[in-house]
Structure formats: structure tokens, C-alpha cells
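Residues per chain, in single letters:
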Amino acid sequence: MTIFRAPKGTTDVLPPDSQRWRDAYRIFDELAEQFGYGLVLTPMFEDTEVFARGVGGDTEVVEKQMYTFTDKGGRSVTLRPEATASVVRAAIQAGGVQGRLKASYWGPMFRYERPQKGRLRQFYQGGVEYLGSSTPESDVEVIEFGYRYLERMNVPDVEVRVNSIGDPADRARYESEIRAFLNDRYEDLSDDAKRRVVSNPMRVLDSKADAEVVAGAPKPDQFLGSEASEHFAAVREGLESLAIPYSLDSSLVRGLDYYNRTVWEYVPTRYDAAQSSVGGGGRYDGLFEVLGGKPTPAVGLAMGVDRILLASRGETGEPLLDAYVVLVDESRRSDARRLVSELRNASLRVDLTDVTRSVKAQFKEADRRRAAAVLVIGDEWAAGRVAAKDLASGEQSEIETKEIIAWLQARSSRLVRESSGSSMPETR
RNA sequence: GUGGCCGUAGCUCAGCUCGGUUAGAGCACCUGGUUGUGGUCCAGGAAGUCGCGGGUUCAAAUCCCGUCGGCCACCCCA
């Protein structure tokens, strides 16, 4: 009997590793609420056209990375390679955006690629979309969101790279310039780049294979119209006022066709994988129309959870249980069971063994499960007491059963969560 | 789609070059080291179709061919 494996490019996450994923989601969700983003749920697959049109026909993603298949009704559907197109489709379906809609999402995305470090066929993104706003203020907020998330996720030395690729008219002027530039050096270009000279010349900028040729090429930020230019200046000013460090990267264009004006990426400089970007975003004022909606300005980002976890400092070693209950004598099992039930109902994380084991083995288990404390149910139970031991300090005392909850709460790391990274900028 | 490296216990790997007695180690796991106490230490134990298929040979984890899988890089992106 052969053992089944997770499909190529997918991976299982099991305890205790999965604890980091739980934390990653909790922190993301909490931050989204703090920033005022509501949750949006969309299908994990869509009509293929949603992505073909939404993401852009000449992108790598659409050309060869889509998980597309025909369902039993003969429809062509595609597992989502990213979520922005879905969120916009959903907003249009719901009647369009009145005023503002701030949405956040979290979940698996799918791209058919050769897997490597930080690149899987099923990977996870958490993202936010600020729909209905054209202000630089909204760009700044979304950029800040990603930056704060990485801070809270303990990803060290993050560089925020920003650029502006202008509005469609700016881009048209720019494209004719760079097309001419590339045509002059046509023979030096890679095959991919040659093809893009016609279809999407700006994308040649982020081709590593053509880096040398491209180094001297004109850059999109030299062609910004006055509106895009002012917008970009305001975005940069906003980042500075929030003390968010960033660098200008004039060859940053990003691989999805729907972007205009501001684009950015988060790159941890001490991360040792080829797939260096852990998140990115941009403004996409034209996307609603492409998908058949009313013109609606918007800006959003996506954070790559898998890569953030690779880049973040590992385990904190925090307790995973508030208490482990040790049962000295099987005869008191039903008492132990009731105690555990009561503690769990008080929102404490508590567990105990389901089989008869030595006290020593149970203590070992408590340690392995990273319990903060052990409660021993033995002879003292008859007198209404338990032995309570703090596993970190090794201190042990007998306490009254009615004091247990208060005793544990005083030690719970979870209930007293410290507010991380209070880097309030100076007020002027 | 292209290239490189690697598949031996649950995990990380040694052994393979110069084929030869019961295939090893560390970690993890289980049980003990007397009375109800972990994280350290000591002793013992359980655990492997040597990825799979074929070939060469008296004999293959070891040599040859094929195949499947994994990892990393290119490409691209989260």
C-alpha cells in the first residue's frame, strides 16, 4: 500500500508548527479590525474570465500559472491565483461601492509553478482592499497596514520599496519611449523580453535576465503627469509623517496589469531565499471597469503568509496551555474531568491525560505540551485543595479549588497581551 | 518550461568511492532509576520493504539502467 503524499507544491501544517499559523492569522485579523477593515469572503474559484481579464492577459500568472479546469456543467473555472479580482467582482456584484468599502481577506491562493523555497502551488495570502478612495491618504494607510503587520509578526529589517507607474496616459507615453529604447537593443534581450516589447514593454524592467540592458532604460517615474506626480509626492509625505522607512525603486513595476500610480513591495533584507518579497500592493483605479463595474478608485495589498513565516523569528516559546491537570489516582478521574471542564468554560486552555499514566509521565507530558502550570489532583483533593506548580519557576503550593481560576489567570500569557511596537511618531 | 543536488528508523543524517557476517548514530518516543513532580543525568526498550522496478554478481544500501518523489536555483511572484 503506497502512502499518499500531499500533491506537489502543497504542504501540510501540523501541531506544533501550526501554532505559528494560528498566531499569524490572529494577528492579521486583529490588525484588520483595528484599521477598520471588514471581512470579505469570496469563492476560492471563479469564472476563468474574472482572472484572465482582471489580472491581465499578458501576465505570467494568467499565461501559464492558472489552475484552470472545466466543471461538470461545462464551465471554465479557475482556482484563484490572487484575491483582488475576486473582491472587486464581489463588490460589483453587490451593486458597486457606495462611498468607501474597506475589506480584508485571508486564505489559500493557487498558482501552477515549479515549487521552491517560499513558492508553493497552494500558498496563503492575507490582504486588504481600500475601495472607493482615490486619496493618497488611502495609499498611505494600506502601506502602513502591511508594515505594521510585519512588525507584529517579528520580521526583522523590512525594506518598503515604493514607486509610481503613473496613470494610463502617462504609461502610454512611457511605453512608447521604452519600446523605442528596447528596440534599439533588441538583439540583447531575452526571448521573454522580446515578446513583451510589443505587448507590455514596462514589464521588461523587472526581468532579472535583462537587468543589464534595462539599467540604462527610461523609468516610469520620469513620465508622471502632474496629478500622478502630486499624488505620489503626497504618499511619500504621508509615509514620512508616520515614520515608515521606505526607499524609491524606479524599476519596481509588479507583475499584475491592473496597477496604476503607487506600487510597492515589502522586502526583508536578511531573508535568505530567492523569493524575497513577502508582500506587495498597489493602486488599481481601472480594475472595476475592466470587470464591468462603474469606475471606482481603489488600492490594496497582499501579504504572503508562507514567506512571512519563513522570514520571521521563530517560536516565542510561549505556553500553549495554561494548565495541565495531573491525576494521581484513577479514582478521582471524574473530579478531574469536571475541574477541566470548569476551567475551560472560564476560557482557560487546559488538558489532561485520557489514560492511566504515572505522575512522572504526566509531568513530562505537561512540559512537552508547553503548559504554564500543573494542577495535581491527589489526596489533598479531599480537603478541597490541589497542588499547583508553576512550571517556569518550579514553585509549588497548595491552593483552594475555588482559587484555581484566579491563580491561573494571573499566569496566563494570553489574557494579558502586551501591546507590541508602540512607535508613536512625534506629534508636531 | 530549463538546470543542479538528494532519496537509509518518526526527524536529521553516517555507511556507498575499494559489493561480503544480525545496517548504525544523534534527536524524538516508551519504560525504569522504590514512596505523588517536568525541563538535566543514567540504564533499558520499541522502531528500517536501505524510494520503487529491473539488471550485473555466488553475494547489492553499496555497481549499471530506468522510474517516481523531494529540495534548491533560473523564470516569475506572495
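Every value quoted in this text rests on a predicted model; they were computed, and no experiment measured them.

Each helix and strand counted, chain A has 14 helices and 16 strands in total. With the C-alpha coordinates of chain A rotated into their principal frame, the extents come out at 90 × 65 × 45 Å. When the 428 residues of chain A are sorted by exposure, 50% land in the buried category. Of all intrachain contacts in chain A linking residues separated by at least 6 positions in sequence, the fraction that spans at least 24 positions is 71%. Placing the 58 positive and 67 negative side-chain charges of chain A at their respective mean positions leaves the two points 5 Å apart.

Our next topic: the environment of arginine 313. One can find arginine 313 in the loop between α11 (305-311) and β12 (323-327). Taking C-alpha positions, arginine 313 is 20 Å from glutamate 30, a pair spaced 283 residues apart along the chain. With residues near it in sequence (within four places) discarded, arginine 313 still touches Arg20, Asn154, Pro156 and Arg270.

Residues Tyr105, Leu131, Leu182, Leu205, Tyr284 and Phe288 are the most contacted members of the largest nonpolar core, which totals 46 residues. Excluding residues that lie within four positions of it along the chain, leucine 182 makes contacts with Leu189, Val197, Pro201 and Val204. Judged by nonpolar contacts, the second largest core, of 39 residues, contains Tyr37, Met153, Val160 and Leu224.

Turning our eyes to something else, we now look at the pattern of salt bridges. If you walk through the whole model with that rule in mind, you get 25 salt bridges. A salt bridge links arginine 119 to glutamate 113, with the nearest nitrogen and oxygen atoms 3.6 Å apart. Taking relative accessible area as the criterion, glutamate 113 reaches 16% and is therefore assigned buried. A salt bridge links arginine 261 to aspartate 167; its shortest N-O distance comes to 2.9 Å. Here arginine 261 is found in strand β9 (residues 260-268), whereas its partner aspartate 167 is found in the loop between β7 (158-164) and α6 (168-184), with 94 residues between them in sequence. Here aspartate 167 falls in the buried class, since its relative accessible area comes to 17%.

Taken together, the neighbourhood of RNA strand B is formed by 49 residues, with Arg111, Arg203, Gly255, Val376 and Gln396 sitting nearest. For RNA strand B, a sugar or linking oxygen lies 2.5 Å from a polar atom in the side chain of arginine 111. Within the contact set of RNA strand B, a base nitrogen lies 2.6 Å away from a backbone nitrogen or oxygen of leucine 391. Counting only elements with at least two residues in the surface near RNA strand B, the list comes to β6 (122-131), β10 (279-283), α13 (359-368) and β15 (385-390). The leading source of residues in the surface near RNA strand B is α13, at 6 residues. The residue inventory of the surface near RNA strand B, partitioned by class, reads 14 nonpolar, 13 polar and 22 charged.

Moving on to the packing of helix α1 (residues 18-34) against helix α5 (residues 136-152). α5 packs onto α1 with a crossing angle of 145 degrees between their chain directions and a minimal axis gap of 10 Å. The two elements α1 and α5 meet at a crossing, and its hand is right-handed. Where α1 abuts α5, its residues Ala24, Ile27, Phe28, Glu30, Leu31, Ala32 and Gln34 lie against Phe145, Arg148, Tyr149 and Arg152.

Moving on, we get to the packing of aromatic side chains. Under the criterion given, the structure shown has 12 aromatic pairs. Their ring planes at 85 degrees and their centres at 5.4 Å tell us that phenylalanine 28 and tyrosine 149 sit as a pair that is edge-to-face. Here the residue phenylalanine 28 occupies a position in helix α1, and tyrosine 149 occupies one in helix α5, the gap between them amounting to 121 residues. Both residues of the pair, phenylalanine 28 and tyrosine 149, belong to the buried class. Put simply, the rings of Tyr25, Phe28, Phe35, Tyr37, Trp106, Tyr130, Phe145 and Tyr149 touch in pairs and so form one group of aromatic residues. Geometry around tyrosine 112 places arginine 121 over its ring, the cationic atom sitting 3.9 Å from the centre. The positively charged end of arginine 236 is found above the aromatic ring belonging to phenylalanine 232, 4.7 Å away from the centroid.

What follows is about the sheet that holds β12. What the 5 strands build is an open sheet, ordered β13-β12-β14-β15-β16; its pairing is mixed. The open sheet has two edge strands with one neighbour each: β13 (350-352) and β16 (396-400). Between one strand and the next, the sheet's axes are offset by a mean angle of 30 degrees, whatever the strand orientation. Strand direction decides the pairing type here: β15 and β16, joined by 5 bridges, are antiparallel.

Here α6 is 17 residues long and its end C-alpha atoms lie 24 Å apart, about the 24 Å a rise of 1.5 Å per residue gives. Every buried residue belonging to α6 is among Asp170, Arg171, Tyr174, Glu175, Ile178, Phe181 and Leu182, and all of these are buried. Down the axis of α6, the smallest arc covering the buried residues is 130 degrees, so these residues share one side. Along α6, exposed side chains directed more than 90 degrees from the buried face belong to Ala169 and Asp184. In this fold, the buried residues of α6 make contact with α7 (191-199), α8 (211-215) and α9 (226-241).

Our focus in this paragraph is the pairing of β9. Within β9, 9 of the 9 residues are buried, which leaves the element mostly enclosed by the surrounding structure. One ladder, built from 7 bridges, connects β7 with β9; its direction is antiparallel. The partner of valine 160 across the bridge, within β9, is tyrosine 266.

Moving on: the sheet that holds strand β3 (residues 67-70). Reading across from one edge, β2-β4-β3 is the order of the 3 strands in this open sheet, with antiparallel pairing throughout. Of all the strands in the sheet, just β2 (45-47) and β3 have a single pairing partner and so form its edges. For this sheet the average axis-to-axis angle between neighbouring strands, irrespective of direction, equals 30 degrees. Taken together, the 4 bridges between β3 and strand β4 (residues 76-79) define a ladder with antiparallel strand orientation. From the neighbouring strand, phenylalanine 69 faces β4, where its bridge partner is valine 77. Helix α2 (residues 48-55) rests against β2, β3 and β4 of the sheet, and its axis sits at about 80 degrees to β2.

Rules and cut-offs
- Residues numbered from 1 in each chain as written.
- Chains lettered and ligands numbered in written order.
- Predicted model: local features only at pLDDT ≥ 70, side-chain atom pairs only at ≥ 80, totals over all residues.
- Heavy atoms only, no water.
- Helix = DSSP H or I, 4+ residues; strand = E, 2+ residues; numbered from the N terminus.
- Buried < 20%, exposed > 50% of the residue type's maximum accessible area, 1.4 Å probe, protein only.
- Contact = heavy atoms within 4.5 Å.
- Lys, Arg positive; Asp, Glu negative; His and termini not counted.
- Charge placed at Lys NZ, Arg CZ, Asp CG, Glu CD.
- Core = buried A, V, L, I, M, F, W, Y, C linked by side-chain atoms within 4.5 Å.
- Salt bridge = Lys/Arg side-chain N within 4 Å of Asp/Glu carboxyl O.
- Near = heavy atom within 4 Å.
- Polar contact = N/O pair within 3.5 Å; in protein donor to acceptor, adjacent residues only side chain to side chain.
- Nonpolar A, V, L, I, M, F, W, Y, C, P; charged D, E, K, R; others polar.
- Axes fitted to C-alpha atoms, helices over the stretch in contact; angles between N-to-C directions.
- Left-handed = near helix turned anticlockwise from the far one by under 90°.
- Phe/Tyr/Trp six-rings, centres within 6.5 Å; stacked < 30°, edge-to-face > 60°.
- Lys NZ or Arg CZ within 6 Å of the ring centre and 35° of its normal.
- Pairing = 2+ DSSP bridges.
- Expected span 1.5 Å × (residues − 1).
- Arc of directions from axis to C-beta.

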